[in-house]
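Observations on the model geometry
Here is how the chains run, residue by residue.
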Amino acid sequence: MPSQPRQPQGQSARSAAPYLYSCEKMSCNTSGANRDPSSQSQEARNPEKDSRRHDFFRDGGSIGTKFGPLYFCHGAGQVLFGRWPSLDAVRRASPCPRSGLSRLRAIRVPNGDSCSMKRILVTLVAMIAPIAMAEAHAEPLSSALAKAYHNNPTLNAARAGVRASAYDIDIARSAMHPKITWRSGIGYNSSAATNRGTFSIVLDQTLFDGLQTTNNVEVNKARQRAAEENTRNTAQNILFEATEAYMDVVLTRRIVALRKQDLDFLKELTRSEIARHQAGERTRTNIAQAEARRAAAQAELSLAHAEAKRAQATYRQVIGDEPGNLTGGKVPVKMLPANIDKALAIAAKQHPALLAKRHLAEGAMFNVAVSEGKLLPTVKGAIGIGRGARVSAIDAMAFDGSATEQKAGIELKVPIYPGGKAAAEVRRSKEDLGKSNFTVDVQHAEVQSKAASAWAQYQGALATASANRAAVKAAKMAKDSMMAEQAIGQRTLLNVLEAQADVVKAQVKLATAERETVVGGYRILSAIGRLGAKDLGLVARRADTETR
């Protein structure tokens, strides 16, 4: 219910209070802060002549009262009609924030004219046009997530690590590839007073190394797959952090708006009490109570602004861009599992952190085979051409320098007693395998716990949001009743101030609960492994994370 505008000293607030007409949800509503009880009873006895509410689009009739200029409240989506001398008078009497009220200069309804369909359509166009232009530049949650996916430095570093790990596979394979070496030199023999030149070109090939190379390649493949899953897990964590940062900005801005509305209401209430005090209808105590609540509201607004700045800084850090006109997020209901049992099953099957641990355990198993291969024989071969130099690790291939020669040889090495080193490496690799298996169990339990916790938090957020919506509705109804009763002397100003505080508190709790609902839905997706860029439709596939 709107507060009263400031009245000149000595003039009764009741007799001079103008009416406020608002067009909201396709209907015209009129309300006066102090209506004549006799006129209200007459309208109640004759509903057909009730001019306080009339549906524009029902029959296009008139309101049945005199109109003045039209004003639009951007924050509440209302068109305001009234007998106001100026825009400042509307601002003083309207519950709309000062910054959100503007005059529709292109539309005027002459006094005594009717609300025609054409005028209402023009009014709606004027209302919708600025909102549509703002939404055209709005940034949805999906756009912010796409920015975070491509621009976040932590995620880019993880991708670089995946690309680097792919080359370890090539390094491991190179152990069984042939090696070609060229050597040449020249020397002087002082005793014989002669110069002597040497050269050689040799091809060395490992024929059998106890399957160490084959198993080492499998180890690096498993590690590369684990690196990919870890990167996917990092991407999910970054996207969830981006979701929290996005919704934090939306929440803090919403709280700032609520605090502003509360402060505007208390300022207007203070002005109204001062005007009534000057008219002899209020005491100084009422003014002091209103000013105290207004000061507290100003402090709450300052804290809300500080929290909004903190949220914006986190947004820039995670997403890498300035927060613009954020539209808010929605719960991804279609992507959520039907119940907690399905959520746990999905998490156990496809969570990237768990898959990474399984790949590392697989690599540890192949690492045991690599250690065991060191106890097996190795066979190497070489073929070369040269003069005057030993051109191979095979001692039989020694060129005496008398002429250019071609030689080939095979070397067999059988370890008999390597000093216990190889056996110790085998035992250590087996213990590492057992540790990796235990790590998989630990990660599985952690994934299951996070999935169950995320599901419980989401269900709690849904229930909290529903309860807070009912609380906001009840608090508003109580405040309106308090204001009506206070106007006729049945309630005190303190009752109205407490009712207003309850409304703001309920609205802040509702905003927080709705934020937790959206974040809770994405928390479930992150806990079960479905918050990847491909799952959200941000990208189809990234070539830099593919296995080479």
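Residues numbered from 1 in each chain as written. Predicted model: local features only at pLDDT ≥ 70, side-chain atom pairs only at ≥ 80, totals over all residues. Heavy atoms only, no water.

**Let's talk about a nonpolar patch on the surface**
Taken together, the side chains of Ile180, Trp182, Ile201, Leu203 and Ile383 make up a nonpolar region of the molecular surface, amounting to roughly 500 Å² of accessible area. When contributions to the nonpolar patch are tallied by element, the ones reaching two or more residues are strand S8 (179–189) and strand S9 (194–208). Note on placement: leucine 203 falls in strand S9. (Patch = residues over 30% accessible without salt bridge, like charges linked within 9 Å, V, L, I, M, F, W, Y side chains within 5 Å. Areas by Shrake-Rupley, 256 points an atom, 1.4 Å probe, with all protein chains shown as cover. Salt bridge = Lys/Arg side-chain N within 4 Å of Asp/Glu carboxyl O. Helix = DSSP H or I, 4+ residues; strand = E, 2+ residues; numbered from the N terminus.)

**Considering the packing of helix H6 (residues 141–151) against helix H8 (residues 212–278)**
Where H6 meets H8, the axes come as close as 9 Å, and the angle between the chain directions of the two elements is 135°. Here H8 runs oblique to H6, going by the angle between their axes. The two elements H6 and H8 cross, and the hand of that crossing is right-handed. Facing Leu141, Ala144, Leu145, Ala148 and Tyr149 of H6, the residues of H8 in contact are Ala235, Ile238, Leu239, Ala242, Thr243 and Tyr246. (Axes fitted to C-alpha atoms, helices over the stretch in contact; angles between N-to-C directions. Parallel < 35°, antiparallel > 145°, perpendicular 65-115°, else oblique. Left-handed = near helix turned anticlockwise from the far one by under 90°. Contact = heavy atoms within 4.5 Å.)

**A look at helix H12 (residues 421–487)**
Each full turn of the α-helix corresponds to 3.6 residues, which orients residues three or four apart in the same direction. The terminal C-alpha atoms of H12 lie 94 Å apart, and with 67 residues this matches the ideal 99 Å at 1.5 Å per residue to within 8%. Looking one or two residues beyond H12, the residue adopting positive phi is glycine 489, at roughly 90°. (Expected span 1.5 Å × (residues − 1).)

**Some words on the environment of alanine 474**
Along the chain, alanine 474 falls in helix H12. The class for alanine 474 is partly exposed, based on a relative accessible area of 45%. Distance from alanine 474 to valine 503, taken between C-alpha atoms, is 8.6 Å for residues 29 residues apart in sequence. (Buried < 20%, exposed > 50% of the residue type's maximum accessible area, 1.4 Å probe, protein only.)

**So, the nonpolar core**
Within soluble globular proteins, side chains that are nonpolar tend to cluster in buried spots. Leu145, Tyr149, Tyr246, Tyr315, Ile319, Tyr522 and Ile528 are the most contacted members of the largest nonpolar core, which totals 41 residues. Contributions of two or more residues to this core are made by H6, H8, helix H9 (284–319), helix H10 (340–350), helix H11 (352–373), H12 and helix H13 (493–528). The dominant element in this core, judged by the number of residues it contributes, is H8, at eight residues. Setting aside its immediate chain neighbours within four residues, tyrosine 522 contacts Leu141, Leu145, Phe240, Thr243, Lys330, Pro332, Leu531 and Leu536. Counting residues in each nonpolar core, the second largest holds 22 residues, with Leu251, Ile255, Leu258 and Ala308 among its members. (Core = buried A, V, L, I, M, F, W, Y, C linked by side-chain atoms within 4.5 Å.)

**Observations concerning the confidence of the model for the chain**
Keep in mind that low pLDDT regions are not for reading the predicted coordinates in detail. Of the residues in the chain, 68% reach a pLDDT of 70 or more, and the chain-wide mean stands at 76. pLDDT under 50 marks residues 74–79. Its contacts with residues more than four places away, or in other chains, come to 22 contacts. Low confidence marks residues 540–548, where pLDDT is under 50. Its contacts with residues over four positions away, or in another chain, come to 17 contacts. (pLDDT = per-residue confidence, 0-100.)

**Comments concerning the pattern of salt bridges**
Taken as a whole and assessed by the stated rule, the structure comprises 16 salt bridges. In this structure, the salt-bridge partner of lysine 147 is aspartate 321, at a minimum N-O distance of 2.6 Å. Of this pair, lysine 147 sits in helix H6 while aspartate 321 sits in the loop between H9 and strand S10 (325–326), and the two are 174 residues apart along the sequence. Here glutamate 229 and arginine 232 are joined by a salt bridge, their closest N and O atoms 3.0 Å apart. One end of the pair, glutamate 229, and the other, arginine 232, are both in helix H8, three residues apart, so they sit about a helical turn from each other.

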